[in-house]
Amino acid sequence: MKIIIYGSQYGTAKEYAQELSIKTGIKAMDYRDMLDVNSYDVVIYIGALYAGGVLGMKRTFNKITDVTAKKIIIATVGLANPCDKSNTDTIKKNIKRQLSDDVYENAHIHFLRGAIDYSKLGLKHKTMMALLYRKAKRLKDDEKTAEVNALIETYGKKVNFIDFDALNPIIDEME
Ligand SMILES: Cc1cc2nc3c(=O)[nH]c(=O)nc-3n(C[C@H](O)[C@H](O)[C@H](O)COP(=O)(O)O)c2cc1C
């Protein structure tokens, strides 16, 4: 049996999970409601990126007992552009730190682009972004990575990079 699990704070990762659910007929569930991940043999996890962490991912995969019997697909949702290899390398490095070796080695990783509306952010996230922005602005031009430039360009705005076509490679992988 297959399951789509999502970790989403403001709804973007949830939108991707629900669209994937419609396209495939597989049930999508919030990671907070996921009780028995071990009863599924294909687990698709769609999680939003927060300061490098994938929301809910660690908690979900820590519960898995036998990884080898499962197919694991992880898709991150973030603002950093996944067409830039330095961004995806950073995300992969962060995922590796958050998972056990056997889960990481078994996982097929995909990258989706999300959205942000600064006017909707909670105080904690607003403060975090303000600190990151101030730090980013102080960097010299040659020190600014693609991720840093994306943060500067989108700071304070409402931007939406959601692209449901980016789900197609995930659907292919699930077959
Ligand atoms: C405090 C904060 C930290 C973030 N950190 C990252 C990050 O490390 N990498 C990234 O690509 N996007 C980052 N983002 C952007 C979110 O991943 C993006 O807005 C995503 O679409 C949120 O998903 P959600 O709506 O499902 O919560 C961050 C956003 C906030 C507010």
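Whatever comes next refers back to the structure up there.
Conventions used here
Position numbers for residues start from 1 in each chain and track the written sequence from start to end. The predicted origin of the model limits local features to residues at a pLDDT of at least 70 and limits the giving and counting of side-chain atom pairs to 80 or more, whereas totals for whole chains, interfaces and linings rest on all residues. Runs of E in the DSSP output that reach at least two residues are strands. Runs of H or I that reach at least four are helices, and both are numbered from the N terminus. C-beta atoms are first placed from the backbone for all residues, and any pair lying within 7 Å is then listed as a contact. A residue counts as near a molecule or strand when its C-beta atom, positioned from the backbone, falls within 6 Å of it. Under the convention adopted here, Pro, Cys and the residues Ala, Val, Leu, Ile, Met, Phe, Trp and Tyr are nonpolar, Asp, Glu, Lys and Arg are charged, and Gly plus all remaining residues are polar. Multiply 1.5 Å by the residue count of a helix minus one, and that product is the helix's expected span. Exposure in this text rests on C-beta crowding, where 20 or more other C-beta atoms within 10 Å of a residue's own make it buried, 12 or fewer make it exposed, and counts in between make it partly exposed. The C-beta atoms are placed from the backbone. Note on pairing: DSSP must find at least two bridges between two strands before they are called paired.

> Can you help me understand the environment of Val-67 in this one?
Locating Val-67 in the fold gives a position in the loop between helix H2 (57-61) and strand E5 (71-78). The spatial distance from the C-alpha of Val-67 to the C-alpha of Tyr-104 is 9.7 Å, given a sequence separation of 37 residues. In this structure Val-67 touches Asp-102, Val-103 and Asn-106, once residues within four positions along its chain are discounted.

> In this structure, what is going on with the site of the ligand? I would like to understand it.
With respect to spatial proximity, 23 residues lie near the ligand, and among them Ser-8, Thr-12, Ala-48, Gly-78 and Gly-114 are the closest. Within the residue set of the shell around the ligand, elements represented by two or more residues are helix H1 (12-24), strand E3 (42-50), E5, strand E7 (115-117) and helix H5 (123-138). A breakdown of the residues in the shell around the ligand according to their chemical character gives 14 nonpolar, eight polar and one charged.

> Even after reading the chapter, I still don't get H5, so can you show me in this structure?
Owing to its 3.6 residues per turn, the α-helix aligns residues three or four sequence positions apart on the same side. Taking 1.5 Å of rise per residue, the 16 residues of H5 would be expected to cover 22 Å, and the 23 Å separating its terminal C-alpha atoms lies within 8% of that figure. Along H5, only zero of the 16 residues are buried, which leaves the element largely exposed.

> When you look at the pairing of E3 in this model, what are you seeing that I'm missing?
Moving residue by residue along a regular strand, the side chains alternate between the two faces of the sheet. Among the nine residues that make up E3, seven are buried, leaving the element largely enclosed by the rest of the structure. Here six bridges tie strand E1 (residues 2-7) to E3, and the two strands are oriented parallel to one another. Paired with Lys-2 across the two strands is Val-42, which belongs to E3. Relative to E5, E3 runs parallel, the two being bridged by seven bridges.

By themselves, these observations are geometric and do not establish any function.
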